[in-house]
Structures are given as structure tokens and as C-alpha cells.
Amino acid sequence: MHAIGIFGGTFDPIHFGHLRLAEEMAEGLGLARVLFIPAGQPPHRGAPRTAATHRLEMVRRAIAGNPRFELDAREVESPRPSYTVDTLAALRAELGFEQPLWLLLGADAFLELPTWHEWRQLFELAHIAVAARPGAQLLQSEVMPESLKNEVSQRQRTDGPVSGPAGSVLLRQMTPLDISATAIRDTLARHGSARYLLPDAVLDYIHEHQLYLHT
Ligand SMILES: Nc1ncnc2c1ncn2[C@@H]1O[C@H](COP(=O)(O)OP(=O)(O)OP(=O)(O)O)[C@@H](O)[C@H]1O
Ligand SMILES: O=C(O)c1ccc[n+]([C@@H]2O[C@H](COP(=O)([O-])O)[C@@H](O)[C@H]2O)c1
């Protein structure tokens, strides 16, 4: 049974760091599909700058043409905060208990994991693949909170076949791309060029709708 990747984010806006992470994970882990799930009300940050309808449309345009990538709007359609544990539980119920699922995270998000709602449950619901990110230390480092280190030490796999529907942790390198949505928003607010940091189709949408004109 081919595994499915689950990639959540605020995507305000989506950029090439996100897209390469998903592409390299899909290739490396042999994922049949990657679900991009924009957060409705992200639990650990203020409300996104940009309305969910715009963030959804930017993701839709960014992934168009990649047959493995799919948009999943469930979190923005929900009136509740976007807890990943709830999203994974819903997907698990829909897709069945045998289906291998991979939660995809950048290193900065992973290091925050012990602050997430019912975070230990995440390891029961999916495998977790973490991508290195410029600026975020990773890999057995001292920066990992003790509780996370303990959880990871029981579950970490070196690259190689992973069996079962959930429960492993993989820390992976990816092409380092020092791109962030924050830097893109700042660049656009000072009328700078964000070209080649995100797909042209997304940038065109941003200009059409006059998004990110102010900090
Ligand atoms: N350049 C990148 N390299 C690796 N992972 C990334 C990169 N950018 C984002 N990610 C990961 O993608 C997921 C969603 O990130 P998010 O939508 O918050 O983007 P961001 O660029 O970090 O945004 P912001 O600057 O607004 O915080 C997170 O798991 C994050 O770690
Ligand atoms: O479930 C939680 O408690 C939780 C706390 C912080 C972040 N998340 C999710 O992690 C993903 C990346 O978040 P962010 O803030 O880096 O865009 C996104 O899908 C969020 O909904 C989830």
C-alpha cells in the first residue's frame, strides 16, 4: 500500500521551500500523494495575514500540474482551531488503520512539537518525516527538548524501509532553501521583488489581489 504524505502549513504565502520539501519527501519516501492542508486558525500563532480563501487559491495554483499533490481544505472549512492531531485522526478514520501516513514537517516546526495539542498522539497516528531547514538546527542536537529527544530515540529510523502505518521518525536533509513566508511578506511590503522565491502563478495572484502591500 503506497504511503500518503500530509503537509500542513499557514502557507501565507506558499513558496518553493514548501514545494521542494513536499517533492523531495514524495520521491524519497515513495509517497503516492501529498495532501497540502492550509491551516484555518493555526493554534500557535496569530491569525494569518491573509484570508483562507486566498491562501487556498495560492496553494491550488502552486501545486497545479503535479499529479501527486492535492489540496485538502478541511482545516480552513472547520470553525475550530487547526489541531494537527484532529486532522490526522480524521484522515486515519477515512483512510483506514492500515494506510501508511507520513506527517511532513520542517525542522523548526518539529522542534516545537512538545507544545502541540496532544503531541504524543501524533506518533500513534502517522510516521513523521522532518526536513532540515536553514536556520533551524536538527539531528540529535542539544536544541531538541528532552521530552522530544526521548520520544524520537525510541522511534528514529535511519533511511531504509519503514514498515507499518505509523510510529517512525525520519530526519532528512533536503536541498537547503533559505526561503520563508515572513521574508516574502516583508519583501512585498517594501515593493521588492519576490520573483524566483515562489511560483510565478502565485506571485501573479498576489499582485492581482494586492496582497501583502503592508507589513
Ligand atoms: N524553506 C523551508 N525549508 C524547509 N521547511 C520549510 C521551509 N519553509 C517552510 N517549511 C516548513 O513548512 C511547514 C509550513 O510552514 P509555514 O507555512 O509556516 O511557512 P514559513 O515560511 O515558515 O512561514 P512564516 O515565515 O510565516 O512562519 C512547516 O513545517 C515549516 O517548517
Ligand atoms: O496541533 C497543534 O497544536 C499545532 C501547533 C502548531 C502548529 N501546528 C501545525 O503545524 C503546521 C505548520 O505550522 P506553521 O505555524 O509553521 O505554519 C500547520 O499545519 C499547523 O496547523 C499544529
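These numbers were taken from a predicted model, which means no experiment stands behind them. (Residues numbered from 1 in each chain as written. Chains lettered and ligands numbered in written order. Predicted model: local features only at pLDDT ≥ 70, side-chain atom pairs only at ≥ 80, totals over all residues.)

## Description of the packing of helix α2 (residues 52-63) against helix α9 (residues 200-208)
Then comes step 1: Look at α2 against α9: their axes get within 8 Å of each other, and the N-to-C directions meet at 150°. On the basis of the axis angle, α2 is roughly antiparallel to α9. Here α2 and α9 pass one another in a crossing that is right-handed. Where α2 abuts α9, its residues E57, M58, R61 and A62 lie against A201, V202 and Y205. (Axes fitted to C-alpha atoms, helices over the stretch in contact; angles between N-to-C directions. Helix = DSSP H or I, 4+ residues; strand = E, 2+ residues; numbered from the N terminus. Parallel < 35°, antiparallel > 145°, perpendicular 65-115°, else oblique. Left-handed = near helix turned anticlockwise from the far one by under 90°. Contact = placed C-beta atoms within 7 Å.)

## Some words on the site of ligand 2
Then comes step 1: By nearness alone, 15 residues border ligand 2, and G8, T10, T84, W116 and H117 come closest of all.
Then comes step 2: Residue composition of the shell around ligand 2, by class: seven nonpolar, seven polar and one charged. (Near = placed C-beta within 6 Å. Nonpolar A, V, L, I, M, F, W, Y, C, P; charged D, E, K, R; others polar.)

## As for the site of ligand 1
Then comes step 1: The immediate surroundings of ligand 1 are formed by 18 residues, with G9, G17, G106, A181 and T182 found nearest.
Then comes step 2: At the level of secondary structure, the elements contributing two or more residues to the shell around ligand 1 comprise α1 (16-29), β4 (101-106), α5 (107-111) and α8 (181-189).
Then comes step 3: The leading source of residues in the shell around ligand 1 is α1, at three residues.
Then comes step 4: Considering only residue class, the shell around ligand 1 consists of eight nonpolar, seven polar and three charged.

## A word on the confidence of the model for the protein
Then comes step 1: When pLDDT is averaged across the protein, the result is 93; 97% of the residues are at 70 or more.
Then comes step 2: Across the interfaces of the predicted complex, the ipTM metric reaches 0.99, alongside a pTM of 0.97. (pLDDT = per-residue confidence, 0-100.)

## Digging into the environment of S193
Then comes step 1: Structurally, the position occupied by S193 is in the loop between α8 and α9.
Then comes step 2: Looking at S193, the number of C-beta atoms within 10 Å reads 9, which means it is exposed.
Then comes step 3: Residues S193 and L203, spaced 10 residues apart in sequence, show a C-alpha to C-alpha distance of 9.8 Å. (Buried ≥ 20, exposed ≤ 12 C-beta atoms within 10 Å, placed from the backbone.)

## Description of the pairing of strand β5 (residues 127-131)
Then comes step 1: Counting buried residues along β5, five of its five residues qualify, which places the element largely inside the surrounding structure.
Then comes step 2: Burial of the side chains of β5 extends over both faces: H127, A129 and A131 are buried on one face and I128 and V130 on the other.
Then comes step 3: Relative to β5, β4 runs parallel, the two sharing five bridges. Looking at β5, one finds that G106 is bridged to A131.
Then comes step 4: Note that β5 and strand β6 (residues 169-172) share four bridges and pair parallel. Note that in β6 the partner of A129 across the bridge is L170. (Pairing = 2+ DSSP bridges.)

## Here's the deal with α2
Then comes step 1: Here α2 is 12 residues long and its end C-alpha atoms lie 17 Å apart, about the 16 Å a rise of 1.5 Å per residue gives.
Then comes step 2: Of all the positions in α2, only R55, M58, V59, A62 and I63 are classed as buried. The buried side chains of α2 occupy one side of the element, clustering within an arc of 120° when seen end-on.
Then comes step 3: On the buried face of α2, the contacting elements are α1, β2 (31-38), β3 (69-71) and α9.
Then comes step 4: Phi turns positive, to about 95°, at G65, one or two residues after α2. (Expected span 1.5 Å × (residues − 1). Arc of directions from axis to C-beta.)

## Some points on the sheet that holds β2
Then comes step 1: Across the sheet, six strands lie side by side as β3-β2-β1-β4-β5-β6; this open sheet has parallel pairing. Of all the strands in the sheet, the pair left with one neighbour each is β3 and β6. Averaged over all neighbouring strand pairs, the angle between strand axes comes to 25°, with direction disregarded.
Then comes step 2: Across the sheet, α1 touches β1 (3-9), β2, β3, β4, β5 and β6, and the angle it forms with β1 is around 165°.

## Notes on the nonpolar core
Then comes step 1: Ranked by internal contacts, the top residues of the largest apolar core, which has 56 residues, are I6, L101, W102, L103, L104 and A126.
Then comes step 2: Counting residues per element, this core draws most heavily on α1, which supplies six residues.
Then comes step 3: When residues no more than four places from it in sequence are discounted, the contact partners of L104 are G5, I6, F7, L21, A22, M25 and A129. (Core = buried A, V, L, I, M, F, W, Y, C linked by C-beta atoms within 7 Å.)

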